[in-house]
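So you can see what is in the structure, the chains are spelled out below.
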Amino acid sequence: MALYSDKVMDHFRNPRNVGVIEDANGVGEVGNPKCGDIMKIYLKIQDDTIADVKFETFGCGSAIASSSMATELIKGQPLSEALKLTNQAVTEALDGLPAHKIHCSVLAEEAIKKAVKDYYDRSGIAYDPADFPVFEDCDHCGE
Amino acid sequence: MIYADNAATTKMSKTAIEAMLPYMEEFYGNPSSLYEFGQKAKEALESARARVAACLGAEPREITFTSGGSEADNQAIITMAHAGAKKGKKHIISTAFEHHAVLHTLEKLKKEGFEVTLLDVHSNGLITAQQVADAIREDTALVTIMFANNEIGTIQPIAEIGAVCREKKVPFHTDAVQAAGHLHIDVKAMNIDMLSLSAHKFHGPKGVGVLYAKKGILLESLINGGGQERGKRAGTENIPGIMGLAAALEEACGNIDHHAETLTPLRDKLIAGLKKIPYSELNGDASQRLPSNVNFCFEGIEGESLLLLLDDKGICASSGSACTSGSLDPSHVLLSIGRPHEVAHGSLRLSLGDDMTEETIDEIIAAVTDVVTYLRGISPFWRDLVTGKRQHVFAE
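We now turn to the structure provided with this report. The residue numbers shown here count from 1 along each chain, following its written sequence. Each chain takes a letter, starting from A, and each ligand takes a number, starting from 1, following the order in which they are written. Whole-chain, interface and lining totals are the exception, using all residues; otherwise, since this is a predicted model, local features are given only for residues with pLDDT of at least 70 and side-chain atom pairs are given and counted only at 80 or more. Only hydrogens and water are set aside when side-chain values are computed; all heavy atoms of the structure are taken into account.

Considering helix 5 (residues 102-123) of chain A
Right, on to step 1. Secondary structure elements follow DSSP: runs of H or I no shorter than four residues count as helices, runs of E no shorter than two count as strands, and numbering proceeds from the N terminus. Helix span, expected: 1.5 Å multiplied by one less than the number of residues in the helix. Counted at 1.5 Å a residue, the expected span for helix 5 of chain A with its 22 residues is 32 Å, and the 32 Å between its end C-alpha atoms agrees.
Right, on to step 2. Directly beyond the C-terminal end of helix 5 of chain A, a positive phi value near 70° is found at A:G124.

Written as structure tokens, this is what we have:
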């Protein structure tokens, strides 16, 4: 049996929405090099909608696939919907991830939330901090 | 497909396969059986033992067949630890970059009250006999140091370490799993008291190995049962496997110089080609290394994605990245030579085979260069290095 589902391999080999948005109005980066994965999400938000989203990822196959899938799931969505994205939704959309790779889908969820929070901060929009838990640099090595 | 993972396992040689077949199809008797048919298997077993001994400069009765390198490592270390403990010696010397078969056995012994000194490995992937000499104490029961490292291929000064241990009268075990059949080994000349090897690393079958133990060492049995292997390893002997091991070892040992002459230039060509990738570095000494081993770190990328994309291009390789091991930390070997975590995650091991040509090497260089360039292009870590937000570890 292959390590990853066909869906994961497809998104890993042909990642959607890779790159940088130069005039992004929300950017979120999670993870760190010591742990071996960093995800960076760029958002262009217009009229409370994700008009465009791009990502850059340093990490394993499932980290790249999770970023790609997460961006697909929120692209064109209202901001309120994007904020509801969970790591489980990313994992399910990828037809599952190996247990020790679930962490990658968590990073994708966190990177998007962090980018939205950045958008709120930049735009002076009030929000409930409880909706944005403190994003640890890394949830598994404590760095 | 380009199979560049010969340090993981090798393709079986025709000679080894042919040596095994009669003992599956025809002479399938149990060597412990009294009748002639069983004794045929027993004769084969003893001839294999003598041939293996000859390859190592040992005597036949010093050879015990095991299920592989890991079992041999476990048995060697546990035997000497417990023998030492009986004399009040509960200190063991090893290195930080041993195989887990050694390190995990030492961890277990620590729980039994043994003290373990793991020697620091120099940044070139070597330790010195002087380090061993300095670490030996009155209560040292064993020195266990690998012959050649499985990840970075560096060859340790085994004869010098053996001489130090002999002078200080401390038993010396070496895990020679990567060395046997690839480098010349003479256990007597090198003052090696115990040595582990595994058949599938030199084109023999999987699931069979050898523990050489100098006469006078009373092995502690890890598997209890019948009296096979002089009562030191219970279980009906894996005769086909043992015949395959002996044939493969003889063939490999007869081919060591040719193997080195063929592979060394290819290895060096591959190293030179990969070094052209900016911000990359070879792991381990460039000359004191196995002729088949190339191990690199590339800044800004992660090893598992590198392996998956190389696999798409038909190249089988391995990495010391945490993601490929399923653990949270990258390779303990790369950390032991001082590679920072972030660089160790971006490692690649290519272990060459005798069937390779210059063209194969060109293909590998082109594929790795392409994949590293692509992955750096989508890596925010690489962007930070390029824009100066983070500092490079390697020179360009």
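Overview of the nonpolar core
Right, on to step 1. Residue types Ala, Val, Leu, Ile, Met, Phe, Trp, Tyr and Cys, when buried and joined through side-chain atoms within 4.5 Å, form a set referred to as a nonpolar core. Burial classes follow relative accessibility: with a 1.4 Å probe on protein chains only, a residue under 20% of its type's maximum area counts as buried, one over 50% as exposed, and anything between as partly exposed. Among the nonpolar cores identified, the biggest contains 70 residues, and A:L43, B:L270, B:F298, B:L306, B:L348, B:L350 and B:V368 are the most heavily contacted of them.
Right, on to step 2. When residues in this core are grouped by element, the largest group, nine residues, is from helix 5 of chain A.
Right, on to step 3. Here, residues are in contact when the closest pair of their heavy atoms is within 4.5 Å. Setting aside anything within four residues of it in sequence, one finds A:L43 in contact with A:I21, A:A24, A:N25, A:G26, A:I50, A:D52, A:V53, A:I74, A:I112, A:A115 and A:V116.
Right, on to step 4. Grouped together as the second largest cluster of nonpolar side chains are 67 residues, B:C55, B:A179, B:I192 and B:V333 included.

A word on the interface of chain A and chain B
Right, on to step 1. Taken residue by residue, the interface counts 27 residues in chain A and 25 residues in chain B.
Right, on to step 2. Put simply, buried area is the surface a 1.4 Å probe can reach on two separate parts but cannot reach once they are joined, added for both. Both faces combined, the contact of chain A with chain B buries some 2100 Å², and carbon together with sulfur accounts for 62% of it.
Right, on to step 3. Any N or O atom pair separated by 3.5 Å or less is treated as a polar contact, with the protein-specific requirement of one donor-capable and one acceptor-capable atom, and with residues adjacent in sequence counted only for side-chain atom pairs. Counting every contact that joins chain A to chain B gives 11 residue pairs in polar contact (both at pLDDT 80 or more).
Right, on to step 4. Of all the secondary-structure elements, those providing two or more residues to the side of chain A that touches chain B are helix 1 (6-13), strand 2 (37-46), strand 3 (49-58) and helix 2 (61-74) of chain A.
Right, on to step 5. In this count, Pro and Cys sit with the nonpolar residues alongside Ala, Val, Leu, Ile, Met, Phe, Trp and Tyr, while Asp, Glu, Lys and Arg are called charged and the others, Gly among them, polar. For the side of chain A that touches chain B, a count of residues per class yields 14 nonpolar, seven polar and six charged.

Let's talk about the packing of helix 2 of chain A against helix 10 (residues 303-312) of chain B
Right, on to step 1. Contact geometry for helix 2 of chain A and helix 10 of chain B: axes closest at 7 Å, N-to-C directions at 90°. As judged from the angle between their axes, helix 2 of chain A and helix 10 of chain B are roughly perpendicular. Side by side, helix 2 of chain A and helix 10 of chain B meet where A:G61, A:S62 and A:I64 of the first sit next to B:E304, B:S305 and B:L308 of the second. For helices, the fitted axis covers only the stretch in contact; all axes are lines through C-alpha atoms, and the angles between them, taken along N-to-C directions, range from 0 to 180 degrees. Here the word oblique covers every angle except those under 35 degrees (roughly parallel), over 145 (roughly antiparallel) and from 65 to 115 (roughly perpendicular).

Let's talk about unusual backbone geometry
The bulk of non-glycine residues show a negative phi, and the bulk of peptide bonds are trans.
Residues and elements named next belong to chain A.
Right, on to step 1. Positive phi, normally seen in glycine, also occurs at D47, with a value near 50°.
Right, on to step 2. Mapped onto the elements of the fold, D47 is located in the loop between strand 2 and strand 3.
Right, on to step 3. Among the residues examined, D47 registers a relative accessible area of 76% and is labelled exposed.
Right, on to step 4. Within the chain, D95 stands out as a residue other than glycine whose phi angle is a positive 60°.
Right, on to step 5. For D95, the position within the fold is in the loop between helix 4 (87-93) and helix 5.
Right, on to step 6. Classification of D95 as exposed rests on a relative accessible area of 53%.

Re the packing of aromatic side chains
Right, on to step 1. Stacked, edge-to-face and tilted are the three classes for Phe, Tyr and Trp ring pairs, Trp counted by its six-membered ring, which pair at centre distances within 6.5 Å; planes under 30 degrees apart are stacked, over 60 edge-to-face, the rest tilted. Enumeration over the complete set of coordinates arrives at nine aromatic pairs over all chains.
Right, on to step 2. A ring pair is formed by A:Y127 and A:F132, whose centres lie 5.2 Å apart and whose planes are at 80°; its orientation type is edge-to-face.
Right, on to step 3. Taking relative accessible area as the criterion, A:Y127 reaches 26% and is therefore assigned partly exposed.
Right, on to step 4. Residue class for A:F132 comes out buried when judged on its relative accessible area of 6%.
Right, on to step 5. Ring geometry for B:Y23 and B:F27: centres 5.7 Å apart, planes at 45°, overall tilted.
Right, on to step 6. For B:Y23, a relative accessible area of 18% gives the class buried.
Right, on to step 7. Among the aromatic residues, those joined into a ring-pair cluster are A:Y119, A:Y120, A:Y127 and A:F132.
Right, on to step 8. By definition here, charges over rings are those cases where NZ of Lys or CZ of Arg is within 6 Å of the ring centre and within 35 degrees of the ring normal. Sitting over the face of the ring of B:F114, B:K90 holds its NZ or CZ atom 4.9 Å from the ring centroid.
Right, on to step 9. When the ring centre of B:W382 is taken as reference, the NZ or CZ atom of B:R376 above it lies at 4.0 Å.

What about empty space enclosed by the protein?
Residues and elements named next belong to chain B.
Right, on to step 1. Definitions used for this entry: grid spacing 1 Å over protein atoms alone; cavity, a set of points where a 1.4 Å probe fits but cannot get out; pocket, an open set with protein on both sides within 12 Å along at least 5 of 7 lines; lining residue, one with an atom within 4 Å of a point. Grid points are joined across faces, edges and corners, and a volume is the space filled by probe spheres set on the points. This structure, assessed with the given rule, holds four cavities of 30 Å³ or more.
Right, on to step 2. There is about 60 Å³ of room inside the largest cavity.
Right, on to step 3. In terms of lining residues, the largest cavity is bounded by N6, A7, Q178, H182, K201, S292, S351 and L352.
Right, on to step 4. Considering only residue class, the lining of the largest cavity consists of two nonpolar, five polar and one charged.

Quick word on helix 10 of chain B
Residue and element names in this part refer to chain B.
Right, on to step 1. The buried count for helix 10 comes to eight of 10 residues, which makes it a mostly enclosed element.
Right, on to step 2. Buried within helix 10 are the following residues: G303, E304, S305, L306, L307, L308, L309 and L310.
Right, on to step 3. Taking the backbone nitrogen of E304 as reference, a side-chain oxygen 2.8 Å away marks E302 as the first, capping residue of helix 10.
Right, on to step 4. Looking one or two places after helix 10, you find G314, whose phi comes out positive at around 85°.

Thoughts on the state of the cysteines
Simply put, disulfide is the name for a covalent bond between the sulfur atoms of two cysteines.
Right, on to step 1. What counts as a disulfide here is a pair of cysteine sulfur atoms lying within 2.5 Å. Summed over the entire model, instances satisfying the criterion amount to zero disulfides over all chains.
Right, on to step 2. Unpaired in terms of disulfides, B:C253 finds its nearest cysteine sulfur in B:C55, a separation of 4.2 Å.

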